[in-house]
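Notes for the structure review
Spelled out, the chains give:
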Amino acid sequence: MTDQAAIAEQFDDLAQQREATEIGIWAFLATEVLFFGALLVCYAVYRYQYPAAFLAAAREANVVFGTVNAALLLTSSMTVALAVRMGRAGQARLSGHALLATVALGLGFLVVKAFEYTGDIQDGLFPGPGFRLAPPQTQIFWSLYWIMTGVHALHLIVGIGVLLTIFVLLRRSAFDPRHNTTVEVSCLYWHFVDIVWIFLYPLLYLPGRS
Amino acid sequence: MKALFRKSALLPEVAAWVGLLVLMVVSLVSSYVPLGLGNGIANLAIAGVQMLVVVFVLMHLKEGGALPRLAAAAGAFWLAIFFTLTFSDFLTR
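Residues numbered from 1 in each chain as written. Chains lettered and ligands numbered in written order. Predicted model: local features only at pLDDT ≥ 70, side-chain atom pairs only at ≥ 80, totals over all residues.

Notes on the interface of chain B and chain A
If you look at the interface, chain B gives 45 residues, while chain A gives 38 residues. Taken together, the elements giving at least two residues each to the side of chain B that touches chain A come down to α1 (2-8), α2 (12-30), α3 (37-58) and α4 (66-90) of chain B. When residues of the side of chain B that touches chain A are assigned to their parent elements, the largest contribution, 12 residues, is made by α4(B). Its residues assigned to classes, the side of chain B that touches chain A shows 31 nonpolar, 12 polar and 2 charged. (Contact = placed C-beta atoms within 7 Å. Helix = DSSP H or I, 4+ residues; strand = E, 2+ residues; numbered from the N terminus. Nonpolar A, V, L, I, M, F, W, Y, C, P; charged D, E, K, R; others polar.)

Take a look at the structure:
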């Protein structure tokens with residue numbers, strides 16, 4: 001594929017095309033920051049109002065599963081960054097391997113999460129009838145836990161789909177990763193999902209341990 | 001896969017990964033030490049550092065131009081406004 005073929009018709013050159021797609025994905029991620037930001041502000045307000053209930057509630061979260069998942073996602077951020085580096089260097093095969101490793105780590109996260117959710121439900125940690133903690137404000141924490149981790153898991157599932165698509169396109173040589181920002185843009189989204197967990201982990205799993 | 005491991009040794013991405021895992025363990029261990037309010041502050045400060053490592057090293061923002069950085073900063077800017085205005089209410093009741 002020549003350089004010329006890699007440029008979409010609305011752009012003058014590769015540098016302009018690259019910058020435009022980078023601004024685009026960062027602007028999208030800024031809207032995602034505000035999406036999760038609303039949940040974080042909600043969490044902050046309620047934690048400020050009911051500090052004792054939040055510490056008591058967070059103590060019940062499964063810190064082992066949470067930590068394993070944090071490690072899995074941090075590792076996946078490295079493999080996805082390697083996919084970008086290999087792609088830029090024109091090593092499409094290695095880039096694809098790094099993408100597959102990332103997908104595997106993402107699936108591992110979901111498996112751990114499934115075990116964790118099952119345990120939480122059996123433990124009576126789903127808000128509503130049968131919720132076992134007191135005071136009642138602990139339900140606010142656990143509502144936020146289910147919403148935040150649930151929305152995060154949805155983002156992760158989308159990310160897995162995106163990375164698998166990119167992997168297939170790379171295999172078919174549908175684009176040249178040296179000139180095309182498809183790999184980079186998708187990988188930035190994956191990093192964002194990791195960053196969300198970087199904040200959910202200390203907010204949902206670590207309070208009230210000492 | 002083997003070639004991937006061989007080629008990736010000693011890259012900044014791998015160094016960043018080691019740093020991120022160390023920070024995660026520090027955060028985890030620190031949360032079992034009674035520090036009062038300091039626990040939450042330490043956890044969030046560490047998360048902030050982790051985020052900066054991911055953004056600048058792994059997301060390669062360090063190598064990007066000014067405009068992508070500006071677009072990225074916009075997210076943080078509006079989030080700061082969100083928190084400031086909300087808490088200007090709750091902290092002054």
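Let's talk about the packing of helix α6 (residues 138-171) of chain A against helix α7 (residues 182-204) of chain A
Two measures define how a pair of helices packs: the angle their axes make with one another and the distance between the axes. Residues and elements named next belong to chain A. As a packed pair, α6 and α7 sit with axes 10 Å apart at the nearest point and diverge in direction by 160°. As judged from the angle between their axes, α6 and α7 are roughly antiparallel. Taken as a pair, α6 and α7 cross one another with a handedness that is left-handed. Within the contact between the two elements, α6 uses Tyr145, Met148, Thr149, His152, His155, Leu156, Gly159, Val162, Leu163 and Ile166 and α7 uses Thr182, Val183, Ser186, Tyr189, Trp190, Val193, Val196, Trp197, Leu200 and Leu204. Its residues assigned to classes, the contact of α6 with α7 shows 14 nonpolar, 6 polar and no charged. (Axes fitted to C-alpha atoms, helices over the stretch in contact; angles between N-to-C directions. Parallel < 35°, antiparallel > 145°, perpendicular 65-115°, else oblique. Left-handed = near helix turned anticlockwise from the far one by under 90°.)

Some words on the environment of A:Pro127
Its location among the elements puts A:Pro127 in the loop between α5 (92-122) and α6. Taking C-alpha positions, A:Pro127 is 16 Å from A:Glu116, a pair spaced 11 residues apart along the chain.

Here's the deal with the nonpolar core
Residue and element names in this part refer to chain A. Counting 75 residues, the largest nonpolar core has Ala83, Ala98, Phe141, Cys187, Leu200, Tyr201 and Leu204 as the members making the most contacts within it. By residue number, the principal contributor to this core is α7, which donates 15 residues. For Ala83, the residues in contact, after removing those within four places along its chain, are Ser95, Ala98, Leu99, Thr102, Val183 and Cys187. (Core = buried A, V, L, I, M, F, W, Y, C linked by C-beta atoms within 7 Å. Buried ≥ 20, exposed ≤ 12 C-beta atoms within 10 Å, placed from the backbone.)

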